[in-house]
Amino acid sequence: MMRTDGHLLDNRPEAAARSDALAALFDPTTFRHLETLGVGPGWRCWEVGARGTSVVSWLAKKVGPTGKVVATATDISWIASVARPPVEVRVHEVGVERPPGEGFDLVHARLALARVPDRERALRSMAEALRPGGRLLVEDTDPALQHLACPDEHGPEQQLANRLRKGLLRLLIGRGEDLSHGRKLPRQLRAAGLRRVGADAYFPVASPACAALESATIRQFRDELVAAGFGSGQDIDRHLENLASGSMDLATAPMISAWGRRA
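Remember, it's a predicted structure, so these values are computed and weren't measured experimentally.

Parameters at a glance
- Residues numbered from 1 in each chain as written.
- Predicted model: local features only at pLDDT ≥ 70, side-chain atom pairs only at ≥ 80, totals over all residues.
- Heavy atoms only, no water.
- Helix = DSSP H or I, 4+ residues; strand = E, 2+ residues; numbered from the N terminus.
- Rg over C-alpha atoms; globule rule 2.2 N^0.38 Å.
- Buried < 20%, exposed > 50% of the residue type's maximum accessible area, 1.4 Å probe, protein only.
- Areas by Shrake-Rupley, 256 points an atom, 1.4 Å probe, with all protein chains shown as cover.
- Salt bridge = Lys/Arg side-chain N within 4 Å of Asp/Glu carboxyl O.
- Expected span 1.5 Å × (residues − 1).
- Contact = heavy atoms within 4.5 Å.
- Axes fitted to C-alpha atoms, helices over the stretch in contact; angles between N-to-C directions.
- Parallel < 35°, antiparallel > 145°, perpendicular 65-115°, else oblique.
- Nonpolar A, V, L, I, M, F, W, Y, C, P; charged D, E, K, R; others polar.
- Right-handed = clockwise from strand over helix to strand, strands pointing away.
- Bend = angle between axes of the 7 residues up to and from the residue.
- Polar contact = N/O pair within 3.5 Å; in protein donor to acceptor, adjacent residues only side chain to side chain.
- Pairing = 2+ DSSP bridges.

Asker: Where do I start with the overall build of the protein in this structure?
Answerer: Within the protein, the secondary structure is distributed over seven helices and seven strands. Listing every helix and strand of the protein by position from the N terminus yields α-β-α-β-β-β-α-β-α-α-β-α-α-β. On C-alpha atoms alone, the protein measures out to a radius of gyration of 19 Å, which is about the 18 Å that the 2.2 N^0.38 rule sets for 263 residues. Along the first, second and third principal axes, the C-alpha set of the protein runs to 55 × 35 × 30 Å. A buried classification covers 54% of the 263 residues belonging to the protein. Taken as a whole, the protein presents about 11,800 Å² of accessible surface, with 50% of it coming from carbon and sulfur.

Below, the structure is given as structure tokens:
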């Protein structure tokens, strides 16, 4: 069974390239936090809204044959290839359906909640699925904190990149996305009843993966950007050429990681 949500980030070839770039950018930060939380043999983990296999595979290796990883998404085509013990793959919509189990040692969600209509309900559901003492780690970007593709806007190439980025963010706002979700996570984890809440942020700048992500994103949203009048086809072609030159210092929005424990 497979569902799609009709979101801008749908299942097209560019979306796969985006997923790879996001993994390259954010996996090291995610894995560092998961290591700090103590994920190990025998743990029961729920990976929420998975849109790639890297985190699921990492968790599977850590928990080993005595553990379990339940990986859920509304579109499981992204993670179907890892559906073997200790990984169970399930279609699930967080915040709408009941959790796919209870007593988890870890619940983790990365870039999964910005387009969930009732994020507070989703976080409560995730927190309630933990065992006492279980850990919740939620990670999401906050484009409203840093909305520029090129923070160093020193020439026409960077100005074009920033104009297209601002157009993209307006498209996302029009689809109902909360561009300031990341900064709210610590407060929302406390509201969900978690203790020992903490958070930090990672802000990648001038990484090759930033350029790869930008290229895949612009290609994926090309039609929407042109239709909305945020750029012409020539603008987008010129931007893609600028990216391919390797001379652009691109950035993404910071990813905020927030964590806490169930009492």
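Asker: I tried to follow the pattern of salt bridges on my own but got confused; where do I start?
Answerer: If charged atoms from side chains of opposite charge come close, those side chains can pair. Counting across every chain of the model gives 13 salt bridges. Across the salt bridge formed by Asp105 and Arg131, the nearest N and O atoms sit 2.4 Å from each other. Residue Asp105 is found in strand β4 (residues 104-110), and its partner Arg131 is found in strand β5 (residues 130-141); the two are separated by 26 residues along the sequence. Looking at Asp105, the relative accessible area reads 11%, which means it is buried. Taking relative accessible area as the criterion, Arg131 reaches 26% and is therefore assigned partly exposed.

Asker: Honestly, helix α4 (residues 156-174) in this entry has me stumped. Any pointers?
Answerer: Side chains of residues three or four places apart in an α-helix project in the same direction, reflecting 3.6 residues per turn. Compared with the 27 Å implied by 1.5 Å per residue over 19 residues, the 27 Å span of α4 between its first and last C-alpha is a close match. Taken together, the buried positions of α4 are Gln158, Leu160, Ala161, Asn162, Leu164, Arg165, Gly167, Leu168, Leu169, Leu171 and Leu172. The inward-facing, buried residues of α4 abut α6 (208-227) and α7 (233-244). Following α4 by one or two positions, Gly176 adopts a phi angle in the positive range, close to 95 degrees.

Asker: Looking at this model, I keep getting lost on the packing of α6 against α7. Mind explaining?
Answerer: What describes two packed helices is the angle between their axes and the distance between those same axes. At a minimum axis distance of 10 Å, the contact between α6 and α7 shows a crossing angle of 175 degrees. When the axis of α6 is compared with that of α7, the two are roughly antiparallel. Contacts between α6 and α7 involve Glu214, Ser215, Ile218, Arg219, Arg222, Leu225 and Val226 from the former and Gly233, Ile236, Asp237, His239, Leu240 and Leu243 from the latter. Here the residues of the contact of α6 with α7 are counted per class, giving six nonpolar, three polar and four charged.

Asker: For this particular structure, what's the right way to read the pairing of β4?
Answerer: For a regular strand, side-chain orientation follows a simple rule: the groups alternate between the two sheet faces. Extensive coverage of β4 is indicated by the burial of seven of its seven residues. Assessed by its sense of winding, the connection that carries the chain from β4 through helix α3 (residues 119-128) to β5 is right-handed.

Asker: Please explain α6 as it appears in this structure.
Answerer: Between the first and last C-alpha of α6 there are 29 Å, a value that for 20 residues agrees with the 28 Å anticipated at 1.5 Å per step. At Phe221, α6 shows its strongest bend, of approximately 60 degrees. For α6, every residue scored as buried is listed here: Ala209, Cys210, Leu213, Glu214, Ser215, Ala216, Thr217, Ile218, Gln220, Phe221 and Leu225. Next to the buried residues of α6 lie α1 (13-37), α4 and α7. For α6, the capping residue at the N-terminal end is Ser207, with a side-chain oxygen 3.1 Å from the backbone nitrogen of Ala209. Looking one or two residues beyond α6, the residue adopting positive phi is Gly229, at roughly 80 degrees.

Asker: I keep staring at the sheet that holds β4 and nothing clicks. Help me out?
Answerer: In sheet architecture, strand pairing relies on hydrogen bonds along the backbone and comes in two forms, parallel and antiparallel. Spatially, seven strands are ordered β3-β2-β1-β4-β5-β7-β6 in an open sheet, and the strand pairing comes out mixed. Bordering the open sheet on either side are β3 (87-91) and β6 (194-202), each of which pairs with just one other strand. Averaged over all adjacent pairs, the angle separating strand axes in this sheet is 15 degrees, with direction ignored. Direction of pairing for strand β1 (residues 44-48) relative to strand β2 (residues 68-73): parallel, over a ladder of four bridges. What sits directly across from Trp46, in β2, is Val70. Of the strands in this sheet, β4, β5, β6 and β7 (255-262) touch α1, which is tilted by about 155 degrees from β5. Its contacts with the sheet put α3 on β1, β4, β5, β6 and β7, and the angle it makes with β5 is roughly 145 degrees.

Geometry only, nothing functional implied.
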